[in-house]
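Remarks on the overall topology
Chain residues, written in single-letter form:
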Amino acid sequence: PTLLSVTPTGGQLPTSLAYRSGVLYVTHQKGEQQLRAYRVEGNGRLTQLGAYALVQTDALPTSVAASPDGASVVVNVPLAGPGGAQLNRIVTFPVLADGRLGAPTTSDAQSPVPFGGAFAHGSLGGVYASADASGAFNTYALSQGALRGLSGPIVSGQAAACWLAITPDNRYVFVGNGAGTVSSYTLDASGRATLLNAVAAQEPPVNGLPTSLAGDSWISRDGRFLYQTYLAADKVVVYAIQRDGSLTKVDEQRAGTRSGVSLQGMAGI
């Protein structure tokens, strides 16, 4: 990458990004307006379009996702700040023609601490999946700008579900858990989920830490490989996704972060 410019977000402690149709949406951990929208110009620079309040000032949004049709933006807001009380809300914004956001709808999550969220693909683009740090997995149907429960809570028995990735054909969902494991789920033709394997993959902890902490992940566009971060093991592990949804480890690469535990987001093209 070549640095083009540095654009202040206008908020404090940006946490999560989503891009759709030329607009970048960014959540922040602090402030009154914790969601910001920016138009991505032809030269890659950003122009702010709007700033939006979430559940309350200084809440902790953990993920933002844009629906495949570009009509909605969804934000998980589990806590009233780091270490704060549970809010357990999911906020849905309609996207206006210029990328700005309309008045939001706030829903109660089906299980506590909704953390990572993502939309399914193609014909299931109206299905929103959420991995909740309480250890549960849920799917929701997005209809007329509001979410309704579709399936869940499905409990894996693994602590601190965080991030998730959905295969391009919508057959499988993989969830990284703070316990250092990856859980797998199947989706049916309507977007309802079933637990496939509570421990589809696992990496041991290092440096005396209690867990390797499976975090964010990305699935290749052909659906053949899962790239999984393990924050507390400071590495990315590559798994081949088998036809039955099982995972076979094929490689790993050390991240080499300065702290050894600060590896975070994962994205690909």
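See the structure shown above.
Residues numbered from 1 in each chain as written. Predicted model: local features only at pLDDT ≥ 70, side-chain atom pairs only at ≥ 80, totals over all residues. Heavy atoms only, no water.

Looking at the overall build of the protein chain
Across its full length, the protein chain holds 0 helices and 20 strands. Taken over C-alpha atoms, the radius of gyration comes to 18 Å for the protein chain, in line with the 18 Å a tight globule of 269 residues would show. For the protein chain, the C-alpha atoms occupy an extent of roughly 45 × 45 × 40 Å along the three principal directions. Counting every position in the protein chain, which comprises 269 residues, the buried fraction comes to 50%. Considering only contacts within the protein chain whose residues lie at least 6 apart along the sequence, 41% involve residues at least 24 apart. If you sum the accessible surface of the protein chain, you get close to 12,200 Å²; carbon and sulfur atoms cover 51% of it. Looking at charge distribution, the protein chain has the averaged site of its 17 positive side-chain charges lying 3 Å from that of its 16 negative ones. (Helix = DSSP H or I, 4+ residues; strand = E, 2+ residues; numbered from the N terminus. Rg over C-alpha atoms; globule rule 2.2 N^0.38 Å. Buried < 20%, exposed > 50% of the residue type's maximum accessible area, 1.4 Å probe, protein only. Contact = heavy atoms within 4.5 Å. Areas by Shrake-Rupley, 256 points an atom, 1.4 Å probe, with all protein chains shown as cover. Lys, Arg positive; Asp, Glu negative; His and termini not counted. Charge placed at Lys NZ, Arg CZ, Asp CG, Glu CD.)

As for the packing of aromatic side chains
Applying the stated criterion across every chain yields a total of 6 aromatic pairs. Summarising the aromatic geometry, the rings of Phe 137 and Tyr 185 are spaced 4.4 Å apart at their centres and angled 25° between planes, so their arrangement reads as stacked. Placement of Phe 137 in strand E11 (residues 136–143) and of Tyr 185 in strand E15 (residues 181–187) is noted, with a sequence separation of 48 residues between them. Each member of the pair Phe 137 and Tyr 185 is classed as buried. (Phe/Tyr/Trp six-rings, centres within 6.5 Å; stacked < 30°, edge-to-face > 60°.)

A word on the pairing of strand E19 (residues 235–241)
Most of E19 sits out of view: 7 of its 7 residues are buried. Burial of E19 is two-sided: the residues Lys 235, Val 237, Tyr 239 and Ile 241 facing one way and the residues Val 236, Val 238 and Ala 240 facing the other way are all buried. Pairing of strand E18 (residues 225–230) with E19, which is carried by 6 bridges, proceeds in the antiparallel orientation. Pairing of Tyr 227 across the sheet is with Val 238, part of E19. (Pairing = 2+ DSSP bridges.)

Focus: the layout of surface pockets
In this approach the atoms are scanned with a rolling probe the size of a water molecule, which exposes any empty space left behind. Approximately 1,800 Å³ is the volume found for the largest pocket. In this structure, the largest pocket is lined by 49 residues; those nearest its centre are Leu 17, Asp 216, Ser 217, Met 266 and Ala 267. Elements with a minimum of two residues in the lining of the largest pocket: strand E1 (12–20), strand E2 (23–30), strand E5 (63–66), strand E9 (114–119), strand E13 (161–166) and strand E17 (214–219). It is E1 that contributes the most residues to the lining of the largest pocket, 6 residues altogether. Here the residues of the lining of the largest pocket are counted per class, giving 30 nonpolar, 16 polar and 3 charged. If you add up the space inside the second largest pocket, you get close to 240 Å³. Around the second largest pocket, the lining residues are Thr 2, Leu 3, Leu 4, Ser 5, Thr 7, Thr 9, Tyr 19, Leu 24, Val 40, Gly 44 and Leu 46. When the residues that make up the lining of the second largest pocket are grouped by side-chain class, the tally is 6 nonpolar, 5 polar and no charged. (1 Å grid on protein atoms, 1.4 Å probe; cavity = no way out; pocket = protein on both sides within 12 Å on 5 of 7 lines; lining within 4 Å. Points joined across faces, edges and corners; volume = space filled by probe spheres on them. Nonpolar A, V, L, I, M, F, W, Y, C, P; charged D, E, K, R; others polar.)

What about unusual backbone geometry?
Put simply, Gly 152 and Pro 153 share a cis peptide bond, and its omega is 0°. Here Pro 153 lies in strand E12 (residues 146–155). Its identity as a non-glycine residue notwithstanding, Gln 144 has a phi of 50°, on the positive side. Counting through the fold element by element, Gln 144 comes out in the loop between E11 and E12. The exposure class of Gln 144 is exposed, given its relative accessible area of 84%. Positive phi, close to 60°, is recorded for Ala 160, a residue that is not glycine.

Some thoughts on the sheet that holds E11
Strands sit in the order E9-E10-E11-E12 across an open sheet of 4 strands; the sheet is antiparallel. Only two strands of the sheet have a single partner each, and these edge strands are E9 and E12. Between one strand and the next, the sheet's axes are offset by a mean angle of 25°, whatever the strand orientation. Summarising the sheet, E11 and E12 pair through 7 bridges and their orientation is antiparallel. Residue pairing across strands places Thr 139 opposite Ser 151, the latter belonging to E12. (Axes fitted to C-alpha atoms, helices over the stretch in contact; angles between N-to-C directions.)

As for the pattern of salt bridges
In total, this model carries 8 salt bridges according to the counting rule given. For Arg 89, the salt bridge is made with Asp 108, and the minimal N-O distance between the two is 3.2 Å. Note that Arg 89 is positioned in strand E7 (residues 86–94) and Asp 108 in strand E8 (residues 105–108), a separation of 19 residues in sequence. Looking at Arg 89, the relative accessible area reads 31%, which means it is partly exposed. The exposure class of Asp 108 is exposed, given its relative accessible area of 58%. A salt bridge links Arg 254 to Glu 252, with the nearest nitrogen and oxygen atoms 3.8 Å apart. A single salt-bridge network, built from bridges that share partners, covers Glu 203, Lys 235, Lys 249, Glu 252 and Arg 254. (Salt bridge = Lys/Arg side-chain N within 4 Å of Asp/Glu carboxyl O.)

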